[in-house]
Amino acid sequence: MAAAGTGAGAQQAPSASAPAARPAGETPHQSTTQQPGARSMTKRDSADAAKPAGFNPRFSSSSEHFVQQGGERLYQSICQGCHMPQGEGAKGAGFYPALAKNARLASGAYPVYVVLSGLHGMPPFAHRLDDQQVADVVNYVRTHFGNSYQDALTPEEVKKQRP
Ligand code: HEC
């Protein structure tokens, strides 16, 4: 039990077991190699605490953004479930207006508004479609299903209508 003594600096035997664990005070030769500069680095901890806490990716996490491109694909993946494959709409448990031969599509602004903001039973898609996608799907329904409104909307026009 020779190592039990506190003044064991002169003993060689246990030195191989745990040399790094020695208190600094037991190595007189090295006592001047303290590192006075190391402490100042901890200032960075407080800088981390000042990170902007306001960033909140709420929109992207709460609603999935559609990846489909092109009016037809977007129509098929989003709209036709309610408005039916030929835009004929449906009546049953709910009322889904026909988009086919729908005079309300004459002004492109109306369907853009409905797609962006929703309407009664129809959910809004403003945060799930970009300007190009909204323009594409609206242009698609305005030129299909018996509709032939040729004044295609641009993404810029959609952007102006965003709520
Ligand atoms: C979850 C079902 C649902 C989906 C998906 C949906 N709609 Fe609708 N949509 C409705 C309902 C319900 C209405 C009628 C709301 C009302 O007037 O009460 C409607 C209304 C509309 C109208 C207005 C029609 C009119 O005569 O006033 C347009 C235009 C329209 N939808 C286009 C679209 C397009 C384009 C898409 C795809 C991007 C789409 N909808 C996706 C349910 C849906």
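What counts and what doesn't
Residue numbers restart at each chain and count upward from 1, following the sequence in its written direction. Two thresholds apply to this predicted model, a pLDDT of at least 70 for residue-level local features and 80 or more for giving and counting side-chain atom pairs, whereas whole-chain, interface and lining totals are computed over all residues. Helical segments are the DSSP runs of H or I of at least four residues, strand segments are the runs of E of at least two, and each set is numbered from the N terminus. Counts of 20 or more other C-beta atoms within 10 Å of a residue's own C-beta define buried residues, counts of 12 or fewer define exposed ones, and intermediate counts define partly exposed ones; C-beta atoms are placed from the backbone. By definition, residue pairs are in contact when their C-beta atoms, positioned from the backbone, come within 7 Å. A molecule or strand has a residue near it when that residue's C-beta atom, placed from backbone coordinates, lies within 6 Å of it. Residue polarity is assigned by list, with Asp, Glu, Lys and Arg as charged and Ala, Val, Leu, Ile, Met, Phe, Trp, Tyr, Cys and Pro as nonpolar; anything else, Gly included, falls into the polar class. A helix is expected to span 1.5 Å multiplied by its residue count minus one. For helices, the fitted line uses only the C-alpha atoms of the stretch in contact; every axis is such a line through C-alpha atoms, and the angle between N-to-C directions lies from 0 to 180 degrees. In this scheme, roughly parallel covers angles under 35 degrees and roughly antiparallel covers those over 145, while 65 to 115 is roughly perpendicular and the rest are oblique. Handedness of a crossing follows from how the near helix is turned relative to the far one, being left-handed for an anticlockwise turn of less than a right angle and right-handed for a clockwise one. pLDDT: the predictor's confidence for each residue, scored from 0 to 100. Buried Ala, Val, Leu, Ile, Met, Phe, Trp, Tyr and Cys residues whose C-beta atoms connect them within 7 Å together make up a nonpolar core.

Let us look at the overall build of the protein chain. From N to C terminus, the protein chain includes six helices and two strands. The burial tally for the protein chain puts 17% of its 163 residues in the buried class. Taking the intrachain contacts of the protein chain between residues at least 6 apart in sequence as the baseline, contacts between residues at least 24 apart amount to 54%.

Near the ligand you find 22 residues, and of these Cys-79, Cys-82, His-120, Gly-121 and Met-122 are the closest. Secondary-structure elements contributing two or more residues to the shell around the ligand are helix H3 (71-83), helix H4 (109-117) and helix H5 (131-142). Residue composition of the shell around the ligand, grouped by class: 15 nonpolar, six polar and one charged.

Its place among the elements puts Val-138 in helix H5. With sequence-adjacent residues up to four places away left out, Val-138 is seen in contact with Gly-108, Pro-111, Val-112, Val-115 and Leu-153.

Here we take up H5. Each α-helix turn comprises 3.6 residues. Residues three or four places apart therefore point the same way. Helix length check: H5, at 12 residues, gives a terminal C-alpha distance of 16 Å against a target of 16 Å (1.5 Å per residue), a fit within 8%. Summarising burial for H5: 10 of the 12 residues are buried, a large majority. Of the residues making up H5, those classed as buried are Gln-133, Val-134, Ala-135, Asp-136, Val-137, Val-138, Asn-139, Tyr-140, Val-141 and Arg-142. Along its buried surface, H5 packs onto H3, H4 and helix H6 (155-161).

This part is about the environment of Gly-118. The residue Gly-118 is located in the loop between H4 and H5 in this model. Note on Gly-118: 14 C-beta atoms within 10 Å, which makes it partly exposed. Each residue touching Gly-118, except ones within four places of it in the same chain, is listed here: Pro-123 and Pro-124.

Here we take up unusual backbone geometry. The backbone of Met-84 sits at a positive phi, close to 75°, despite the residue not being glycine. Along the polypeptide, Met-84 turns up in the loop between H3 and strand S1 (90-91). Look at Phe-145: it is not a glycine, yet its phi comes out positive at around 60°. Note on placement: Phe-145 falls in the loop between H5 and H6.

It is at 10 Å that the axes of H4 and H5 come closest, and there the two elements cross at 130°. In terms of axis orientation, H4 runs oblique to H5. Helix-helix and strand crossings are classified by hand; for H4 and H5 the assignment is right-handed. Each of Pro-111, Val-112, Val-115 and Leu-116 in H4 lies in contact with H5, whose residues at this interface are Val-134, Val-137, Val-138, Val-141 and Arg-142.

As a further point, take the packing of H3 against H5. Helix-helix packing is characterised by the crossing angle of the two axes and by the distance between the axes. Where H3 contacts H5, the two axes come as close as 8 Å, and the packing angle between them is 90°. In terms of their interaxial angle, H3 and H5 are classed as roughly perpendicular. Of the residues in H5, those in contact with Gly-71, Glu-72, Leu-74, Tyr-75 and Cys-79 of H3 are Gln-133, Asp-136, Val-137, Asn-139, Tyr-140 and Val-141. Within the contact of H3 with H5, the residues separate by chemical class into six nonpolar, three polar and two charged.

Now for the confidence of the model for the protein chain. Of the residues in the protein chain, 61% reach a pLDDT of 70 or more, and the chain-wide mean stands at 77. Note on residues 40-62: pLDDT is under 50 here. Beyond four places in sequence and across chains, it has two contacts.

A word on the nonpolar core. Tyr-75, Val-112, Val-115, Val-134, Val-137, Val-138 and Val-141 are the most contacted members of the largest nonpolar core, which has 18 residues in total. Listed by contribution, the elements that provide at least two residues to this core are H3, H4 and H5. Among the elements that take part in this core, H5 stands out by supplying six residues, more than any other. Once you skip the residues sitting within four places of it in the chain, Val-115 turns out to touch Phe-125, Val-134, Val-137 and Val-138.

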